[in-house]
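Per-entry structural report
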Amino acid sequence: MSAPALIALVDCNNFFVSCERVFNPLWHDRPLVVLSNNDGCAVARSNEVKALGVKMGTPWFQMKDVARRYGIVGLSSNFVLYGDMSDRVTAVLREFSDEVEVYSIDESFVGLGSACAGAESPAATGQAMRRRVLQCTGLPVCVGIAPTKTLAKLANHIAKTQPHFDGVCDLSAMTESMLQLQLSQIEVGEIWGIGRRMADRLQRLGITTAGALRAAPLKRLRAGFGVVMERIVSELRGIPCLSLDEVEQPRQQLIASRSFGVPVRTVEELGEAISTHVSRASERLRRQELVCGAVHVNIATSRFADTERRYLNSITVGLPEATGDSRVLAGAALSGLTRIFREDCHYKKAGVVLLDLSPSSVCQHRLFNPAADDARSAQLMVALDAVNARYGRDTLRLGSAGLERRWQGRSENRTPRYTTNWDELPLARA
DNA sequence: TCTGGGGTCCTAGGACCC
DNA sequence: TCTGGGGTCCTAGGACCC
């Protein structure tokens, strides 16, 4: 059997910040953050800002003092620009290999089967990629090379954090003892697929590093953590469980959501916002040549509102026929909103509800690929319709009970709860 | 005053059927 | 007092990712 083909993970360094620097050299030496929508919080940080200890997702207003003291520049995000830069990086990578899986806006997996032909080593190919991407786009990238995706991610982490690797780390070139030494220095939470919760659980079992997880008994982990963990551990051992997907799959859902900058006080405003969301979503839907079979509307008060009562409710409206027609989708979304309100007795009594809180709304579309199995789509759509017709408001109640449990499970000191009962909300009356 | 906006996959458990 | 078992489909929720 031949050695498994190698995979490279090519990841742009501080991607959004680097994109901004390409177009404004003045910012090369300044500590920089790129901010989320409404300039809410930091979604990208330059190395200088990272060194100051500013965490990903820190709200801008909370770092204003630090920003003033150290001259941090905060920039509004420009996702059209980042998408364009991302496409350029992908185009360069395709010069090296036919097997390119665009994993996210700033990283791609690249199959090195053909890319290494004629090259002195996989690492040399990685260096060539770095030079070429920098030359063509101005963006710095790091490359991690390994026999599996999970190891390639860790290799990339090593390339980024240990300067003597010069931006390229090939784990397949290491001896077993060198590999184990590297992995034993990486916290278990750094592994791709291990989030905070899993990391906590593993740490309680004494498994604190990637090396320890790699050496832990597979069967016990499978029993305790499920199939996802089994795959991660196998991948750490060099057994590929996640294939390279070069062909982009159509989306299964498409979400348009925004937090409101100001409190929304009337149902009418909410309705207008939902129409706007639907129209944005439909536009993307059509651009991706998809149709959708159901519309999901979710409204919630601000997660940060300092009030005892929080409101969160949602509804799924199935469509008789999959469509991308924004008028039909808006109609479905608004009927969902109406239904949420109709099922509240307070609304019925008062006629008008004024929300004196700051809600955010989400509009979500479940999509079906028209080129795929139509019968399956139809069945699913009918099923969604059937569910809503059968259970009506009970569906909502079940949902809210689950959320309540979840919320209580997460907060230790105080247990504010979500309610779907308007009577429990501090509402201004019309 | 101000706290992002997208996505995916897996599993438990209920409804329903034979 | 007795109270099948196996199967499918579906949803909500939980976990993760960037």
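Residues numbered from 1 in each chain as written. Chains lettered and ligands numbered in written order. Predicted model: local features only at pLDDT ≥ 70, side-chain atom pairs only at ≥ 80, totals over all residues. Heavy atoms only, no water.

Another aspect to go through is the confidence of the model for chain A. With 73% of its residues at a pLDDT of at least 70, chain A reaches an overall mean of 77. Across residues 344–430 the pLDDT falls below 50, and counting only partners more than four positions away or on other chains, this stretch makes 176 contacts in the model. (pLDDT = per-residue confidence, 0-100. Contact = heavy atoms within 4.5 Å.)

Within the element layout of this structure, Ser 46 appears in the loop between β3 (42–45) and α2 (47–51). Setting aside chain neighbours within four positions, we find Ser 46 in contact with Asn 14, Val 17, Arg 21, Arg 30, Pro 31 and Leu 32. (Helix = DSSP H or I, 4+ residues; strand = E, 2+ residues; numbered from the N terminus.)

Quick look at the environment of Leu 334 now. Its place among the elements puts Leu 334 in helix α13 (residues 326–342). When the C-alpha atoms of Leu 334 and Ile 274 are compared, they prove to be 7.3 Å apart, with 60 residues separating the residues in sequence. In contact with Leu 334, not counting residues within four places along its chain, are Gly 271, Ile 274 and Ser 275.

Attention shifts here to the side chain of Thr 150. Along the polypeptide, Thr 150 turns up in helix α6 (residues 149–161). Not counting residues within four places of it along the chain, the set of residues in contact with Thr 150 comprises Ile 191, Trp 192, Ile 232, Glu 235, Leu 236 and Leu 242.

What follows concerns the sheet that holds strand β2 (residues 32–35). Hydrogen bonding along the main chain pairs the strands of a sheet, whether they run parallel or antiparallel. What the three strands build is an open sheet, ordered β3-β2-β4; its pairing is mixed. Every other strand in the sheet has two partners, leaving β3 and β4 (73–76) as the edge strands with one partner each. On average, each strand axis in the sheet is inclined to that of its neighbour by 30 degrees, with strand direction left out of account. Bridge analysis of β2 against β3 gives three bridges, and the strand direction is antiparallel. (Pairing = 2+ DSSP bridges. Axes fitted to C-alpha atoms, helices over the stretch in contact; angles between N-to-C directions.)

Moving on to the pairing of strand β7 (residues 141–146). The buried fraction of β7 amounts to six of the six residues, a majority that puts the element mostly inside the structure. Of the two faces of β7, both are covered, the one formed by Val 141, Val 143 and Ile 145 as well as the one formed by Cys 142, Gly 144 and Ala 146. Judged from the six bridges that link them, strand β1 (residues 7–12) and β7 form a sheet pairing that is antiparallel. Looking at the pairing, Asp 11 lines up with Cys 142 of β7. Viewed along the sheet, the connection from β7 through α6 into strand β8 (residues 168–170) turns out left-handed. (Buried < 20%, exposed > 50% of the residue type's maximum accessible area, 1.4 Å probe, protein only. Right-handed = clockwise from strand over helix to strand, strands pointing away.)

On inspection of all chains with the given rule, the structure shows eight aromatic pairs. Residues Phe 15 and Phe 16 carry aromatic rings whose centres are separated by 5.8 Å and whose planes lie at 55 degrees to one another, so their mutual orientation is tilted. Residue classification places Phe 16 among the buried residues on the basis of a relative accessible area of 12%. On the numbers, 4.5 Å between centres and 10 degrees between planes, the contact of Phe 16 with Tyr 82 is stacked. With a gap of 66 residues between them, Phe 16 in helix α1 (residues 15–23) and Tyr 82 in helix α4 (residues 79–96) connect regions that are remote in the sequence. Both residues of the pair, Phe 16 and Tyr 82, count as buried. By way of ring pairs, the aromatic residues Phe 15, Phe 16, Phe 79 and Tyr 82 are connected into one cluster. Above the plane of the ring of Phe 109 lies Lys 149, whose end atom (NZ or CZ) is 4.8 Å from the centre. It is Arg 201 that lies over the ring of Phe 225; its NZ or CZ is 4.1 Å from the centre. (Phe/Tyr/Trp six-rings, centres within 6.5 Å; stacked < 30°, edge-to-face > 60°. Lys NZ or Arg CZ within 6 Å of the ring centre and 35° of its normal.)

Along the polypeptide, Leu 81 turns up in helix α4. A residue is classified by how much of its surface remains accessible, and Leu 81, at 17% relative accessible area, is buried. As a C-alpha pair, Leu 81 and Phe 16 span 65 residues in sequence and 9.1 Å in three-dimensional space. Discounting chain neighbours no more than four positions away, the residues touching Leu 81 are Cys 19, Glu 20 and Phe 23.

Membership of the largest hydrophobic core comes to 35 residues, with the highest contact counts inside it found for Leu 171, Ile 191, Ile 194, Leu 202, Leu 213, Leu 221 and Met 229. With six residues, the top contributor of residues to this core is α6. The residues contacting Leu 202, other than those within four sequence positions of it, are Val 188, Ile 194, Ile 207, Leu 213, Leu 221, Phe 225 and Met 229. Judged by nonpolar contacts, the second largest core, of 33 residues, contains Val 17, Val 92, Leu 93 and Val 133. (Core = buried A, V, L, I, M, F, W, Y, C linked by side-chain atoms within 4.5 Å.)

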